[in-house]
Amino acid sequence: MATPNGLARIETTGKKKQDNGVWYDDSSAPVRAQTIDELHSLQRKRSAPSTPKRSAPTTPIKGGAHSPFAVAISEEERHTQQMQSISASLASLTRETGPKVVKGDPAAKGEAAAQGAPSTPRAHQQHRHPAAPAIAVSDSSLKFTHVLNNLSPAELYEQAIKYEKGSFITSTGALATLSGAKTGRSPRDKRVVKDEVTAQDLWWGKGSPNIEMDEKTFLINRERAVDYLNSLEKVFVNDQYLNWDPENRIKVRIISARAYHSLFMHNMCIRPTDEELEDFGTPDFTIYNAGQFPCNRYTHYMTSSTSIDLNLARREMVIMGTQYAGEMKKGLFGVMHYLMPKRGILSLHSGCNMGKDGDVALFFGLSGTGKTTLSTDHNRLLIGDDEHCWSDNGVSNIEGGCYAKCIDLAQEKEPDIWNAIKFGTVLENVVFDEHTREVDYADNSVTENTRAAYPIEYIPNAKIPCVGPHPKNVILLACDAFGVLPPVSKLNLAQTMYHFISGYTALVAGTEDGIKEPQATFSACFGAAFIMLHPTKYAAMLAEKMQKYGATGWLVNTGWSGGRYGVGKRIRLPYTRKIIDAIHSGELLTANYQKTEVFGLEIPTEINGVPSEILDPINTWTDKAAYKENLLRLGGLFKKNFEVFASYKIGDDSSLTDEILAAGPNF
Ligand SMILES: Nc1ncnc2c1ncn2[C@@H]1O[C@H](COP(=O)(O)OP(=O)(O)OP(=O)(O)O)[C@@H](O)[C@H]1O
Ligand SMILES: O=C([O-])CC(=O)C(=O)O
Ligand SMILES: [Ca+2]
Ligand SMILES: [Mn+2]
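The rules behind the values
Residues numbered from 1 in each chain as written. Chains lettered and ligands numbered in written order. Predicted model: local features only at pLDDT ≥ 70, side-chain atom pairs only at ≥ 80, totals over all residues. Heavy atoms only, no water. Near = heavy atom within 4 Å. Polar contact = N/O pair within 3.5 Å; in protein donor to acceptor, adjacent residues only side chain to side chain. Helix = DSSP H or I, 4+ residues; strand = E, 2+ residues; numbered from the N terminus. Disulfide = S-S within 2.5 Å. Buried < 20%, exposed > 50% of the residue type's maximum accessible area, 1.4 Å probe, protein only. Donors = N, O, S within 2.8 Å, 3.2 Å for Na, K, Ca; no water. Pairing = 2+ DSSP bridges. Expected span 1.5 Å × (residues − 1). Contact = heavy atoms within 4.5 Å.

Draft legend 1. Examining the site of ligand 1 more closely. Around ligand 1 sit 20 residues, and of these Ser-367, Gly-368, Lys-371, Glu-414 and Arg-451 come closest. Take Gly-368: an N or O atom from its main chain is 2.8 Å from an oxygen atom of ligand 1. At a separation of 2.5 Å, an oxygen atom of ligand 1 approaches a polar side-chain atom of Glu-414. Listing elements by their share of the shell around ligand 1, those giving two or more residues are α11 (371-375), β17 (401-405) and α15 (573-585). It is α11 that provides the largest number of residues to the shell around ligand 1, a total of 3 residues.

Draft legend 2. Representation of the state of the cysteines. Across all of its chains, the model carries 0 disulfides by this definition. Residue Cys-402 stays outside any disulfide, its sulfur separated by 8.2 Å from that of Cys-466, the closest cysteine. Taking the relative accessible area as the measure of exposure, Cys-402 reaches 0% and is therefore buried. The cysteine Cys-479 is free of any disulfide, with Cys-406 supplying the nearest cysteine sulfur at 17 Å.

Draft legend 3. Structural view of the coordination of the calcium ion (ligand 3). At this site the calcium ion (ligand 3) is bound by Thr-372 (OG1) and Tyr-403 (O), with donor distances of 2.1 to 3.0 Å. Here the calcium ion (ligand 3) and the manganese ion (ligand 4) are spaced 4.8 Å apart. Within this pair, whereas Thr-372 is found in helix α11, its partner Tyr-403 is found in strand β17, the two being separated by 31 residues in sequence. Side by side, Thr-372 and Tyr-403 carry an identical accessibility label, which is buried.

Draft legend 4. Looking closely at the pairing of strand β16 (residues 394-397). In terms of strand pairing, strand β15 (residues 387-391) meets β16 through 4 bridges, oriented antiparallel. From the neighbouring strand, Cys-389 faces β16, where its bridge partner is Ser-396. Between the antiparallel neighbours β15 and β16 lie 2 residues. Bridge count between β16 and strand β22 (residues 467-468): 2 bridges; the pairing is antiparallel. Opposite Ser-396, over in β22, you have Val-467 as the bridge partner.

Draft legend 5. Examining helix α16 (residues 624-642) more closely. Over its 19 residues, α16 extends 27 Å from the first C-alpha to the last, a length consistent with the 27 Å expected when each residue adds 1.5 Å. Along α16, the residues that are buried comprise Ala-626, Tyr-627, Asn-630, Leu-631, Leu-634, Gly-635, Phe-638, Asn-641 and Phe-642. Two to three positions downstream of the cap, the backbone nitrogen of Ala-625 sits 3.3 Å from a side-chain oxygen, assigning the N-cap of α16 to Asp-623.

Draft legend 6. Quick peek at the coordination of the manganese ion (ligand 4). Around the manganese ion (ligand 4), the donor atoms from the protein are Lys-330 (NZ), His-349 (NE2), Asp-386 (OD) and Asp-386 (OD), and they sit 2.2 to 2.8 Å away. By relative accessible area, Asp-386 is classed as buried at 7%.

Draft legend 7. Local environment of the environment of Val-147. Counting through the fold element by element, Val-147 comes out in strand β2 (residues 144-149). C-alpha of Val-147 to C-alpha of Gly-651: the two residues are 504 residues apart in sequence and 48 Å apart in space. Every residue in contact with Val-147, bar those within four places of it in the chain, is listed here: Met-83, Ile-86, Val-101, Val-102, Lys-103, Gly-104, Val-235 and Val-237.

See the structure below:
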């Protein structure tokens, strides 16, 4: 039927019912909701109490997390306990009370019911003590602190994209984010509380990374951080583990203000199963990351607006004035460098992988020397890329993820890392195409220190659980900007100790704030920024373990060849990989060796797949006089650096100490 304007009338009423009583209509099935909100609530399936609601746990369950004697408690009681525990963590020390905490995003009004949260926050009720004064002591105690605890990567993506400027999804699904003004660690702002115990235990003074602060100042900063966090609409809480060795596992809680920080730690620490999370209890260590907020420069000891404060007695760390996520990762590493040696376990700034036959290799080295790149090896099982423990049972990874440098990342050269950059991975400070969101890894506009943080199982041949037997090879990586260290040398035990204590490299720009050009650096134990005890303590433990388990030491230069930085070139990664292959396979144990002058290093004359002429660096330099000059220059720097260690005994064995002193450059 035609309407006055000539158009066919649109049928709006009734649907054509066929004779057989069946609706033949192209409209969809009736919607099971009365309102849009209800419809949205249908979209998200509520998990049954026993099934995961959070991130799918990736950590395999070992044994039962539930004690058979544990009193069964209800979901609601568990929820209350969890909120109480988080409230306790966030307590102001001066007011001696925790904030009112409630689970969930304050913005998600109406979602509480859908998510199963009690409509009256139970933790809130906790604080309505009958004896409490009728008038709240401060405005901050009137408000709730909303906690988003152990969110899944998907939920954290949404939080980041909605609330954090600079968050984007890249073409491969990673979460690109900006760490803010700091794009590297701030070692000069790392402070440690000096009390009666730590005054004795820790390494203080020249060369030490531990800048002292007193307990009171720590508490001032802690209060500042906690007040800041409680003033926010919401905070993120991660309850996770460190160390895959079940006997020496540490429970950590990270309280932060950014989804970026929460996802970073989700990836980097060991992820508990839902079962483990339910029984998490009180953490062994807590980080308060108030990174967006500066410290108060009028506070004693503060020399900048950044402070990373460690209090071992309180088992707490406060971060202010830097949002660089590596501070949390490496802060916890420092804690492990204190706790583990107390138990006779050596903590190591090293990568670690294992051959199919169970041969384990450690890769020591400072930032940018190749721990992540070389331990991620398609032919071997990855145990971890950066932080390990060596106990009487073998090696264990401290972390649950990897943190790879991305500058100039290329698919052909590092395929496993390339492929790990997908949904769930945090990509820090990279530059990408505005439209396609394809990352340009060569672009260092934001920083040289671009990074990807991904769970270790994103590497296809990860060894899970991340533990292994005693190491067979201990590879010391140095990125030599002088271009005079050989691509590989075999070390005796004394030489291994000498180079371990020296911890030489050319620090590549970026990871530590303020370093713009590569420069020669010595960092004891290849990680002076993280060790807590005197370097000789770790060295003695390493010597003892290497001797006991018959490990061989190697020095591998992943730096320059054919001239120093600016003249020569960085040794090609495929050559370094061949060298590493020859170490793993045992080929290098039976090779012919010659000794170099000055450093007295044993260098092989031939390696499968590597041009022989590069094995002795002098061959690659056109200017032989310049080579000699640089060799002596570096030798001199080694000698000078080692002077401070000459008066220390290493272990109980004074003959080893003498041998180590003699194992350095000789000229
Ligand atoms: N011959 C080489 N051997 C190893 N790495 C090389 C070589 N040539 C270039 N590279 C590059 O050097 C970088 C090594 O960084 P890597 O992430 O492995 O450092 P790292 O030792 O793990 O440091 P951090 O402790 O800071 O994580 C990578 O970007 C890698 O591509
Ligand atoms: O800590 C960081 O930022 C990165 C890292 O692994 C290191 O520097 O050793
Ligand atoms: Ca690394
Ligand atoms: Mn590292």
